[in-house]
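# Coordinate analysis (summary)
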Amino acid sequence: NAGVMQNPRHLVRRRGQEARLRCSPMKGHSHVYWYRQLPEEGLKFMVYLQKENIIDESGMPKERFSAEFPKEGPSILRIQQVVRGDSAAYFCASSSGLAGHNEQFFGPGTRLTVL
Amino acid sequence: DQQVKQNSPSLSVQEGRISILNCDYTNSMFDYFLWYKKYPAEGPTFLISISSIKDKNEDGRFTVFLNKSAKHLSLHIVPSQPGDSAVYFCAASVYGNEKLTFGTGTRLTIIP
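The structure reproduced in this document is the subject of the present report. (Residues numbered from 1 in each chain as written. Chains lettered and ligands numbered in written order. Predicted model: local features only at pLDDT ≥ 70, side-chain atom pairs only at ≥ 80, totals over all residues. Heavy atoms only, no water.)

## Re the overall build of chain A
What counts, and what does not: Working definition: helices are DSSP H or I runs of at least four residues, strands are E runs of at least two. Numbering for both runs from the N terminus. We take the radius of gyration over the C-alpha atoms and set the globule estimate at 2.2 Å times the residue count to the 0.38 power. Under the scheme applied here, a residue whose accessible area is under 20% of the maximum for its type counts as buried, over 50% as exposed, and between as partly exposed, the area being computed with a 1.4 Å probe on protein chains only. Pairs of residues are marked as contacts when any of their non-hydrogen atoms sit within 4.5 Å. Here the accessible surface of atoms and residues is derived via Shrake-Rupley with a 1.4 Å probe, and residues count as covered only by protein chains that are part of the display.
The helix and strand inventory of chain A stands at zero helices and 11 strands. When the helices and strands of chain A are read in sequence order from the N terminus, they spell out β-β-β-β-β-β-β-β-β-β-β. In terms of C-alpha radius of gyration, chain A reaches 13 Å, essentially the compact-globule figure of 13 Å for 115 residues. Seen through its principal axes, chain A has C-alpha atoms that stretch 40 × 30 × 30 Å. The buried share of chain A, reckoned over its 115 residues, is 43%. For chain A, long-range pairs separated by at least 24 residues make up 52% of all intrachain contacts whose partners lie at least 6 apart in sequence. Surface summary for chain A: the accessible area is close to 5900 Å², and the carbon and sulfur share equals 47%.

## Some points on the pattern of salt bridges
All names here are of chain A. To keep things clear, this is the line we draw: Any Lys or Arg side-chain nitrogen found within 4 Å of a carboxyl oxygen on Asp or Glu counts as a salt bridge.
Scanning the entire structure with this criterion turns up four salt bridges over all chains. The closest approach of N and O atoms between Glu 18 and Arg 20, which form a salt bridge, is 2.8 Å. On the basis of relative accessibility, which here comes to 29%, the residue Glu 18 falls in the partly exposed class. For Arg 20, a relative accessible area of 40% puts it in the partly exposed group.

## A word on the sheet that holds strand β3 (residues 19-25) of chain B
All names here are of chain B. Rules: The pairing criterion for strands is at least two bridges between them, as found by DSSP.
Pairing within the open sheet is antiparallel, and its five strands lie in the order β1-β3-β8-β7-β6. Every other strand in the sheet has two partners, leaving β1 (4-5) and β6 (56-59) as the edge strands with one partner each. Relative to β3, β1 runs antiparallel, the two being bridged by two bridges. Across the sheet, residue Lys 5 finds its bridge partner in β3, namely Asp 24.

## Section: the nonpolar core
A general tendency of soluble globular proteins is for nonpolar side chains to be buried together. All names here are of chain B. Threshold: Buried Ala, Val, Leu, Ile, Met, Phe, Trp, Tyr and Cys residues form a nonpolar core when they are joined through side-chain atoms within 4.5 Å.
In terms of nonpolar packing, the biggest core is built from 23 residues, with Phe 33, Trp 35, Leu 73, Leu 75 and Tyr 88 touching the most fellow members. Of all the secondary-structure elements, those providing two or more residues to this core are β3, β4 (32-38), β5 (45-51), β7 (62-67), β8 (72-77), β9 (86-94) and β11 (106-111). Looking at which element gives the most residues to this core, the answer is β9, with four residues. Ignoring sequence-local partners within four residues, the contact set of Phe 33 consists of Tyr 25, Ile 48, Ser 49, Ile 50, Leu 66, Leu 73, Ala 91 and Ala 92.

## Quick look at the pairing of strand β6 (residues 53-56) of chain A
Residues and elements named next belong to chain A. Taken together, the three bridges between strand β5 (residues 43-50) and β6 define a ladder with antiparallel strand orientation. Paired with Leu 49 across the bridge in β6 is Ile 54. The hairpin turn running from β5 into β6, its antiparallel successor, is two residues long, and Glu 52 in that turn takes a positive phi close to 65 degrees.

## Side note on the packing of aromatic side chains
Our working definition: Two aromatic rings from Phe, Tyr or Trp, using only the six-membered ring of Trp, form a pair when their centres are within 6.5 Å; if the ring planes differ by under 30 degrees the pair is stacked, by over 60 it is edge-to-face, and anything between is tilted.
In this structure the tally under the stated criterion is 11 aromatic pairs over all chains. Look at Phe 89 of chain B and Phe 102 of chain B: their rings are 6.2 Å apart centre to centre, the planes differ by 85 degrees, and that puts the pair in the edge-to-face class. Linking Phe 89 of chain B in strand β9 with Phe 102 of chain B in strand β10 (residues 97-102), this pair joins segments that are 13 residues apart in sequence. Classification of Phe 89 of chain B as buried rests on a relative accessible area of 2%. By relative accessible area, Phe 102 of chain B is classed as buried at 3%. Clustering of aromatic rings is evident, with ring pairs tying together Tyr 35, Phe 45 and Phe 106 of chain A together with Tyr 36, Phe 46, Phe 89 and Phe 102 of chain B.

## Some thoughts on the environment of Asn 102 of chain A
Structurally, the position occupied by Asn 102 of chain A is in the loop between β9 (88-95) and β10 (105-106). Since its relative accessible area comes to 10%, Asn 102 of chain A is described here as buried. For Asn 102 of chain A and His 31 of chain A, which are 71 residues apart along the polypeptide, the C-alpha to C-alpha distance reads 9.9 Å. Ignoring anything within four residues of it in the chain, the contact list for Asn 102 of chain A reads Ser 95, Ser 96 and Gly 97 of chain A together with Glu 98 of chain B.

Structure follows, in structure tokens:
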């Protein structure tokens, strides 16, 4: 399966713990995006990364959230000291990054539940 | 500020009939629009897109219409099939800015 892979699919954390969400883009894709979907809402952009670079983090909360896309390995979205309001579905998407508009292909999501 | 709006949270259509899903946007800088389909517990799946230089794009049973002056687009599915039952999201972007701005979705139910 050459699609976007995310793991874990489900993650349960207690308040104050850390959550790490991983995303492997489609083969040949070098651009990764993270979106968050709160219950009954649409997807909200969080961050856009290329290998080893954060291109746009305008949707990331200023505190506790960070993202990386290292030269080797998956992209990681890290949430420190989770709170109940962080409970949501987190989707990763990837694109080829070729010139012009690029279709983004989404992974199955990680559903984070904070107890 | 909701820049992309889908004002109908749900829509029910008889199998075989046409489904029309609507989307409005407020940001005149948007120049590329996409429709995604989402099943429960899965990620969104790309359906069809349209550039602002066009007013129509067709792919099989799916057609997207864009009315720039009204800042409105619609997705037509004909004929509707039971497998089309899902949540449909409209999304928009600006050339040179990769992030997508999504609407809140419309849940389409196809009645057999």
